[in-house]
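# Per-entry structural report
Spelled out from the first residue to the last, the chains are:
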Amino acid sequence: MSLTRETFDFVADLVRRRSAIQLEPGKEYLVESRLLPLAREGGHSGVDAYVTSVRTGRREPDLVAVVEALTTNETSWFRDSTPFSALRTHMLPALRAERPVLDRLRVWSAACSTGQEPYSIAMTLAEILGPSTRTEIVATDLSDQVLNQAKEGRYSQLEVNRGLPAPMLVRHFRRSGADWQIAEELRRTITFQRHNLLDAPPLGPFDLVFLRNVLIYFDLATKRAILGRVHRVLRPGGFLVLGAAETTIGVDGDWERVPVARGSVYRPVHGGTAALPTPRTTATAPTFGVSRPAPTFPPATVNQGVSR
Amino acid sequence: MSIAVETDQVYAITHEVFGAMIDPEPGYLRPWEGELPAPVDPLAAWVDVHGELAGRAAVICETAAAHDLARALLRMEPGEEVTPADLVDAFGEVANVVGGNVKALLPSQGTLTLPQVAAAVPPAPAGAPVHELALDWRGHPLAVVVWLF
Amino acid sequence: MRALVIDDSRTMRRIVAHTLEELGFSTVQAGDGQEALDVLESGDQVDLACIDWNMPVMDGLTFVTQVRSRQEWRSITLMMVTTESEHGQIVRALAAGAHEYLIKPFTPDAIRDKLDLLGLLPLEEPV
């Protein structure tokens, strides 16, 4: 099966106008695989037939469904485990080292989709931080549909199979019919709200911002604008986490790249000189020296497995 | 006895099994419209649950459709020949995965038997099934039947 | 990396083994817990075992208990791959010494995610 040019162009144009997300030629497979379930549900023979009917019908719910199908990220729980091990081994120790008491921690999980990311953050924080740290996670997405599922905290068997460590599953979930329901204590730490990355950010400041696997969809100018807005709501000394294939380098200079384990995270700097390595000031040096001999960034470690 | 298992849940489970392991993506399994035709050359696979609350879950379709299912599970080419041993094993595994997940819906912890495959499901101790899903998989009629004993 | 795939269904063994091979593992298969113990006794060095629960001769839970009782097999990562999906069953398997638990049905991506958690994925460049 392959899509006609008309189908792809129509979908790409619709998605770009509604979400600013670019579907370059070559993403036909994505359009095909995301829309096929909708096509079958509607009893169409294939994606071309389905899109043709959406095009001629021009019904708003159909158009919304197409955009949502293309812009919703399939998410696993501890997707690319690196950011979560970095949270444990680098970012939280760094934040702790900088403040006499870490009594409050605010996190923004942007483009949170169906909630796996904010819940994974919440599970990690619950494991590491004691009850003396009040944690608040603001989780946002463009789509009401995914936010509703996220708020409900109910996941299918297939969804809990995707990268959720079994000890976390038994600790934080209970079976509910054929699905799994996440614990109320975790849900309480998260505020879900609708938000478009093209608009003003949610109320800061945040200590951590997770903005993963979403910049890749935007053009350079939009990427830069989004990073600028994130910069404004991130506390000095806070961290930005991007997707494994994403970087601030060459996009926006106001960030310092911090290598962690198998990836990188970013800290806000000012003046756009991050291309030149900033001198190791007292603000950063002791931070990464926690329980390590060398007061510099630790080298990439090969084995990022769960400890056992 | 109150129904411990709902039809929607059995449907959701079957959908997940097909979407994850048999088809490249969800969307090929849907409700059969109208009456499910009686199979001419049927093949059935089932597992039993033993325990405080016991039951049986079965998948029944035409033998030809079972061949297609086995080919899909084993990622074989269309038309490639399925050996009798592979047919029994693969089709039995579909019933096993559906049945294991149905078992988890029961309020008491039970144990699962190994899957069995035959032309017909033996008579159930408690008679009529509690659920009979009539499904359409790529145009093939397919039934998923659950009994609670 | 070498993986031992234990399932009484040859279909399931083939699916799991194929996924692992695509991720760079070499694989060896066993049809029940006893056969799997025999593979280990023969000196085959495996890094990972994927274990079905319900099998004839010796079930997966018994196999896990046996492996965990042997010092020389301490480094083997044990992952249940089973249709048993009750909360209590997962707790039992973890208590017996399983490190991870994957519920059938699963997609190949789900195996990959679990190996990522376990630190068993070969290092690769992000795409």
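Parameters and conventions
- Sequence positions are assigned chain by chain, starting from 1 and proceeding in written order.
- To label them, take the chains in the order written and letter them from A, then take the ligands in the order written and number them from 1.
- Totals for whole chains, interfaces and linings use every residue, but because this is a predicted model, local features are given only for residues with pLDDT of at least 70 and side-chain atom pairs only at 80 or more, for both listing and counting.
- As a convention, hydrogens and water are excluded, and side-chain values are obtained from all of the structure's heavy atoms.
- Residue contacts follow a heavy-atom distance rule, with two residues in contact if any of their heavy atoms lie within 4.5 Å.
- Once two parts are put together, the accessible area they lose, assessed with a 1.4 Å probe and summed over both, is termed the buried area.
- Between Lys or Arg on one side and Asp or Glu on the other, a salt bridge is scored when a side-chain nitrogen of the former is within 4 Å of a carboxyl oxygen of the latter.
- Pairs of N or O atoms are called polar contacts if they sit within 3.5 Å, as long as, within protein, a hydrogen donor faces a hydrogen acceptor (for residues adjacent in sequence, only side-chain-to-side-chain pairs).
- In this text, helices come from DSSP runs of H or I with a minimum length of four residues, and strands from runs of E with a minimum of two, each type numbered from the N-terminal end.
- Side-chain rings of Phe, Tyr and Trp (the six-membered ring for Trp) are treated as a pair once their centres are within 6.5 Å; stacked means planes under 30 degrees apart, edge-to-face means over 60, and tilted covers the remaining angles.
- Buried means the residue's accessible area, taken with a 1.4 Å probe over protein chains only, is under 20% of the maximum for its type, while exposed means over 50%, and partly exposed covers the values in between.
- The criterion is that NZ of a Lys, or CZ of an Arg, lies within 6 Å of the ring centre and within 35 degrees of the ring normal, and then a charge sits over that ring.
- Marked domain ranges trace back to an automatic or database domain assignment.
- Throughout, the ten residues Ala, Val, Leu, Ile, Met, Phe, Trp, Tyr, Cys and Pro are labelled nonpolar, Asp, Glu, Lys and Arg are labelled charged, and all others, Gly among them, are labelled polar.

### Digging into the interface of chain C and chain A
Opposite the 29 residues of chain C that make contact, chain A presents 29 residues. Between chain C and chain A, roughly 2,200 Å² of surface is buried when both sides are summed, and carbon and sulfur atoms account for 57% of that area. At the boundary of chain C with chain A, the tally comes to 1 salt bridge. Remark: the boundary between chain C and chain A carries 10 residue pairs in polar contact (both at pLDDT 80 or more). Listing elements by their share of the side of chain C that touches chain A, those giving two or more residues are helix H4 (87-96), strand S5 (100-103) and helix H5 (108-117) of chain C.

### A look at the packing of aromatic side chains
A complete count under the given rule lists 8 aromatic pairs over all chains for this structure. With centroids separated by 4.7 Å and ring planes inclined at 75°, the aromatic side chains of Trp77(A) and Tyr155(A) adopt a geometry described as edge-to-face. Here Trp77(A), found in the loop between helix H4 (60-71) and helix H5 (82-98), pairs with Tyr155(A), found in strand S3 (residues 154-156); they are 78 residues apart in sequence, far enough to count as distant. A centroid spacing of 6.0 Å and a plane angle of 65° characterise the contact between Phe18(B) and Trp137(B), whose relative ring orientation is edge-to-face. Placement of the pair is Phe18(B) in helix H1 (residues 7-22) and Trp137(B) in strand S6 (residues 131-137), with a sequence separation of 119 residues. Neither residue differs from the other here; Phe18(B) and Trp137(B) are each classed as buried. Aromatic ring contacts, followed pair by pair, group Trp77(A), Tyr119(A), Tyr155(A), Phe173(A) and Phe192(A) into a single cluster. The positively charged end of Arg70(C) is found above the aromatic ring belonging to Trp73(C), 4.0 Å away from the centroid.

### Examining the environment of Met12(C)
Its place among the elements puts Met12(C) in helix H1 (residues 10-22). Looking at Met12(C), the relative accessible area reads 1%, which means it is buried.

### Quick look at the domain arrangement of chain A
Residue and element names in this part refer to chain A. The domain architecture assigned to chain A consists of domain 1 (5-71) and domain 2 (82-268). Centre-to-centre, using C-alpha coordinates, domain 1 lies 29 Å away from domain 2. Counting from both sides, the interface comprises 5 residues of domain 1 and, opposite them, 8 residues of domain 2. Where domain 1 abuts domain 2, roughly 710 Å² becomes buried across the two surfaces, and 55% of that area is made up of carbon and sulfur atoms. Counting the contacts that link domain 1 with domain 2 gives 0 salt bridges. The interface formed by domain 1 and domain 2 holds 0 residue pairs in polar contact (both at pLDDT 80 or more) in total. Counted by class, the side of domain 1 that touches domain 2 contains 2 nonpolar, 2 polar and 1 charged residues.

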